[in-house]
Amino acid sequence: MLGRVRLKENGIMDEELPTLMELSIRFMAKNLHVICNTDPVTHQLELKDDVVVPNEICDRFLRYQQDCGQDINDRFIQIFRDTEKTPLRHVSLRNSTITNEGMRILLRHQLNSLSMWYCNKITTASWNILIEHCRQLRSLELGRFVDMLKHSEPNEKTPIDFQLLLPRLQRLKLNGVVLQPTIQFSHLTELSHLDLTACIFAEFSLKALVDLPNLRTLILFNVWPLEHEFPTLCKLKNLETLDLSVSRANVDGNYLTPNKLLANLVENLPKLRHLDISGTNLAGDGVAERAGSCTGSSSDIPGLVSRVDRPLDFLGIYYTSHSACKWHDIPALRIAGEATEEQILVAAVAYQDRHELLTKVLNDLYHLLRFETCKQIHKALDVVLSAMDKHIRVKNIQISGSATLFYIVKGREKMKFGVPLKNHIIHTLLNGMSTHLTDDTMMRNGCLTLCQFNIPLDVMFEYERLVQILLHGVSYREQEGFVQRIAIYLLNSLACQVDGSQKLFLGDLGAISTMLNLINDRLSRRVFDDVMEVAWSTMWNVTDETAKNCERFLDGRGMEYFLGCLKLFPDRDDLLRNMMGLLGNVAEVKELRPRLMTTEFITEFSDLLDSSSDGIEVSYNAAGVLAHIASDGADAWTIARPTRYSVLVRMVEAIERWDLSAERNINYRSFEPILGLIRCYHTPQCQHWAVWALANLTKVYPTKYCRVVEQEHGVELLQELIDHPQPYPRLKELAQIVLTHCRNLSEPMTGSASDGSTNTTDPNVMELDG
């Protein structure tokens, strides 16, 4: 379950560790086959005959599926068809595509509470089902984009005629519903909490609420006009919470006699503790009035002068007329406003279900964080994550939230994030990005924020979804756009340090074809940029020890683009290195080497032996390609020119020009391809390249690469080469150098640490400007 951010005693920000029950629910969610079968014809989920899931788990299981971004659709709801074996009591749905058919299953359960937000595929038919089966319901929330009490046709103005035949209701929330005067509330004697956000009063009056004995909370956010309802509000003597706020985007919120109205209201509601007048002018113009008490205290809000000696627990004055939240004498313990960090954070908590105000609050929070004036980072992070999780479909909240997250994770506090909290942040970001894939701003914010994490380590739990999002960002952005550049940078970073199955997954999703399309586009326009360079780098990473991706490169006209780039951009060192590194991977695949055996390709590889581009890297990789091709034997050399002998001579000459102490721009995870060439006794020139590579790497980076040699039985192979009569002396000399390096590392260290021992930088990651 996604929890709240906690600030621990040691200053670490994290979320509570899951309980054993929560771990069990997670396992069940990720392994539905344990409790379900899938119908081979309809593909519907069916609970297994011998499975019974108690209510305590069913309710949490449903909630966890949503927290993980899973769609609660009709197929999934089939799990709960049997109300005895999978009983539900408290159901909360957000961003669900459930239809009336799925609701028919849900509402047959003896529900105590039902909350629905952003479920826009249900209609008034579900209301009829609810009334039929849920008379025992105690809490009902029909939030934004729930059309259970609205016509589904956007231009339909006729109100729905409905009755609240739910006599045990204690909490009721309606959003944007047209209320007719025929609607009865008097029978809801247990009702204590009523929220009529954005409801339209079609001759309906609050007089219908006067006889409700237990009504404690009344929310009238964005209900307008209300001035004529104030006499009725004054009769609701038991009210403890009253919300008269507006978002100002929808209405002007101005009353003709604000001071008088507010004063009369507050004086007539003695139990009032929580009042919200945000967006209105009820706070007055800031001219203080003195309270009629011996203390001589005053209130800058004239209508609240009677509460000076008995301050409200909460007062919402967010974006009121005359910026009331900036005044000094305000009789309230907690204030939701825009003047200070504390006020903004209070507002962020109070307005979690109000997307109009929440967007403003997140923008205010963004400015605090951008200028590093926010002190309560853990509270800010909590409200931002909560807002983004609740309103995935509201693009403005996702954009504002992701921008705010960027400054939170970019700051010094990031070092205090635990793994569960990092996972929550990344999960929330990806939810927003996947929902708003076509929005450049959301994609840009998301990518920039992800760049603040340790890639790929921190994102491995969402690897597949992130790859899909980034490939979309690379493919569908405008040419040379910032989103495309940062998406390809992240994609390349992801490809660097993952295993073969994940590289194969990248290829399956079209990473190779996407990169080739980018390269083809730039070749056709004769443009070199960092996107082209990183595209080659990404393919270098994705083809590493992954034969299928190498084949995809060749099948996608990759060699044609290689020659095109050589011709158009011969002096681009990094580009040449990336291309030759990629071709080195292709040449390691025996089945693909015949496709490289053409006069044109072999000539180019041979000429690149003499290159000094990027130090020795281009020459080194060209020699590696030729060594693998030559290792197939003389019979596999099917071209007349250049001859096999002349190429091998040039290769050895190039190798002997290289500095054995040269620092490298490369990262090997395995020496298997190199060690394979050491066994190539029929062509010692191939062995020459292999033992030189090992001698260089174990000399410059002994800590890392001596262990690889030992672990992959390279010591035995090198000793065998030394003892073999066929290899010429230089090969044996290089082999002995490798063995000496490995032996020295294994012995107790008496001198200083070897230089370069921590260099694990992959050459295939390119820094992105801007």
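Residues numbered from 1 in each chain as written. Predicted model: local features only at pLDDT ≥ 70, side-chain atom pairs only at ≥ 80, totals over all residues. Heavy atoms only, no water.

Per an unreviewed UniProt entry, the chain carries the name Protein zer-1 homolog and comes from Anopheles coluzzii. On record in UniProt, under Sequence similarities (unreviewed entry), the comment for the chain is "Belongs to the zyg-11 family." (UniProt positions renumbered as here; feature names shortened; annotations may be inferred.)

Another point: the nonpolar core. With 166 residues, the main nonpolar core has Ile425, Trp536, Phe553, Phe562, Phe605, Phe671 and Trp689 as its most contacted residues. Among the elements that take part in this core, helix 26 (residues 684-700) stands out by supplying 10 residues, more than any other. Those residues in contact with isoleucine 425 that sit more than four places away from it in its chain are Leu381, Leu385, Leu405, Val409, Phe417 and Phe453. Ile98, Ile131, Met148 and Leu275 belong to the second largest nonpolar core, which has 96 residues in total. (Core = buried A, V, L, I, M, F, W, Y, C linked by side-chain atoms within 4.5 Å. Buried < 20%, exposed > 50% of the residue type's maximum accessible area, 1.4 Å probe, protein only. Helix = DSSP H or I, 4+ residues; strand = E, 2+ residues; numbered from the N terminus. Contact = heavy atoms within 4.5 Å.)

In the structure shown here, the tally under the stated rule is 30 salt bridges. The residue arginine 650 makes a salt bridge to aspartate 607 at a minimum N-O spacing of 3.4 Å. Taken together, the residues span a long stretch of sequence, with arginine 650 in helix 24 (residues 644-657) and aspartate 607 in helix 22 (residues 599-608) at a distance of 43 residues. Owing to a relative accessible area of 27%, arginine 650 belongs among the partly exposed residues under this scheme. Among the charged side chains, a network of salt bridges with common partners joins Arg216, Glu240, Arg273 and Asp313. (Salt bridge = Lys/Arg side-chain N within 4 Å of Asp/Glu carboxyl O.)

One can find glutamate 341 in helix 8 (residues 341-350). Among buried charged residues, glutamate 341 stands out as having no salt bridge; its nearest opposite-charge side chain is lysine 375, 6.7 Å away. In terms of polar contacts, glutamate 341 uses its side chain to reach the backbone amide nitrogen of lysine 375, at 2.8 Å. Residue contacts for glutamate 341: discarding those within four places in its chain leaves Leu368, Thr373, Cys374, Lys375 and Gln376. (Lys, Arg positive; Asp, Glu negative; His and termini not counted. Polar contact = N/O pair within 3.5 Å; in protein donor to acceptor, adjacent residues only side chain to side chain.)

Let's shift gears to the UniProt feature "repeat: ARM" (unreviewed entry) in the chain. UniProt feature "repeat: ARM" (unreviewed entry): in the numbering of this structure it lies at residues 600-632. Helix makes up 70% of residues 600-632 and strand makes up 0%, while its end C-alpha atoms are separated by 19 Å.

Time to look at the sheet that holds strand 18 (residues 332-336). As summarised here, the arrangement of the 10 strands in space is 5-6-7-8-10-12-13-14-17-18, forming an open sheet in which the pairing is parallel. Where the open sheet ends on each side, the last strands, each with one partner, are strand 5 (90-94) and strand 18. Averaged over all pairs of adjacent strands, the angle between strand axes in this sheet comes to 5°, irrespective of strand direction. Bridge count for strand 8 (residues 171-174) against strand 10 (residues 193-195) is three bridges, and the pairing is parallel. The residue of strand 10 that forms the bridge with leucine 172 is leucine 194. (Pairing = 2+ DSSP bridges. Axes fitted to C-alpha atoms, helices over the stretch in contact; angles between N-to-C directions.)

On to the pairing of strand 6 (residues 113-117). With five of five residues buried, strand 6 lies mostly within the body of the structure. Both faces of strand 6 are covered, namely the face carrying Ser113, Ser115 and Trp117 and the face carrying Leu114 and Met116. In this region the chain leaves strand 5, passes through helix 4 (residues 100-106) and returns to the parallel neighbour strand 6; the handedness of that crossover is right-handed. Inspection of the sheet shows strand 6 paired to strand 7 (residues 139-142) by four bridges, in the parallel sense. Across the sheet, the residue bridging to serine 115 is glutamate 141, located in strand 7. In this fold, the crossover linking strand 6 to strand 7 by way of helix 5 (residues 124-133) has right-handed handedness. (Right-handed = clockwise from strand over helix to strand, strands pointing away.)

Our next topic: the side chain of glutamine 502. Tracing the backbone shows glutamine 502 in helix 16 (residues 500-508). Glutamine 502 has contacts with Met460 and Tyr463, leaving out every residue within four places of it along the chain.

Attention now moves to unusual backbone geometry. A cis amide bond links isoleucine 455 to the next residue, proline 456, at an omega of 5°. Within the element layout of this structure, proline 456 appears in the loop between helix 13 (440-450) and helix 14 (463-476). Residues arginine 641 and proline 642 are joined by a peptide bond in cis, for which omega reads -10°. Tracing the sequence through the fold places proline 642 in the loop between helix 23 (617-630) and helix 24. For alanine 198, which is not glycine, the phi torsion reads 60° and is therefore positive. Positionally, alanine 198 belongs in the loop between strand 10 and strand 11 (200-201). Residues other than glycine seldom take positive phi values, yet asparagine 222 does so here, at roughly 60°.

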